[in-house]
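One-letter residues, chain by chain:
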Amino acid sequence: LYLAGNLLVTMLFNVPKNNALAAIAASEPSSSEVWARYVPSWTAWNHVRSASALAAAAAFTIALTC
């Protein structure tokens, strides 16, 4: 859960989105459109990362108590 949900999601989805956003200058006219597309997608993948981290922690906790 941790490896797939955090590391892979970060490497495959969040980092490329961050790099694409960093390549756009804030003064460009299209920057607001890029930002508008960036935020919902990045936020969704960040929620996946958060949920998988919580699930991994819960699984680890259950494994420790059994």
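My aim in this report is to walk through the structure given alongside it, one point at a time.

So, how was this worked out
Every chain's residues receive numbers from 1 upward, in the order its sequence appears when written. Side-chain atom pairs in this predicted model are given and counted only at pLDDT of 80 or more, local residue features only at pLDDT of at least 70, and totals for whole chains, interfaces and linings cover all residues. With hydrogens and water excluded, all non-hydrogen atoms of the structure serve as input to the side-chain values. Patch construction takes residues with relative accessible area above 30% that form no salt bridge. Like charges are linked within 9 Å, and nonpolar side chains (Val, Leu, Ile, Met, Phe, Trp, Tyr) are linked within 5 Å. For every accessible area listed, the method is Shrake-Rupley and the probe measures 1.4 Å; residues are considered covered only by the protein chains on display. When a carboxyl oxygen of Asp or Glu is within 4 Å of a side-chain nitrogen of Lys or Arg, the pair counts as a salt bridge. Comment: elements are numbered from the N terminus, with helices defined as DSSP H or I runs of at least four residues and strands as E runs of at least two. To sort residues, take the accessible area from a 1.4 Å probe on protein chains only and compare it with the maximum for the residue type: under 20% means buried, over 50% means exposed, and anything in between is partly exposed. Whether two residues touch is decided by their heavy atoms; if any such pair falls within 4.5 Å, the residues are in contact. Only Phe, Tyr and Trp rings are paired, with Trp represented by its six-membered ring, and only when their centres lie within 6.5 Å; those with planes under 30 degrees apart are stacked, over 60 edge-to-face, the remainder tilted.

A short note on a nonpolar patch on the surface
A contiguous nonpolar patch, built from Tyr 2, Leu 3, Leu 7, Leu 8, Met 11 and Leu 12 and spanning about 630 Å² of accessible area, is present on the exposed surface. Considering the arrangement of structural elements, one finds Leu 7 in helix H1 (residues 2-22). Look at Leu 7 and you get partly exposed, because its relative accessible area is 40%.

Comments concerning the environment of Trp 42
Along the polypeptide, Trp 42 turns up in helix H2 (residues 31-65). For Trp 42, a relative accessible area of 24% puts it in the partly exposed group. In this structure the C-alpha to C-alpha distance between Trp 42 and Leu 54, which are 12 residues apart in sequence, comes to 18 Å. In contact with Trp 42, not counting residues within four places along its chain, are Asn 14, Lys 17 and Asn 18.

A closer look at the packing of aromatic side chains
Summed over all chains, the structure comprises three aromatic pairs. Measuring from centroid to centroid gives 3.7 Å for Phe 13 and Trp 45, while their planes differ by 10°, and the two rings are stacked. Of this pair, Phe 13 sits in helix H1 while Trp 45 sits in helix H2; the two residues are 32 residues apart in sequence, bridging distant segments of the chain. A centroid spacing of 6.4 Å and a plane angle of 20° characterise the contact between Tyr 38 and Trp 42, whose relative ring orientation is stacked. Of this pair, Tyr 38 and Trp 42 are both found in helix H2, four residues apart, which corresponds to roughly one turn of the helix. Following the ring pairs from residue to residue traces out a cluster consisting of Trp 35, Tyr 38 and Trp 42.

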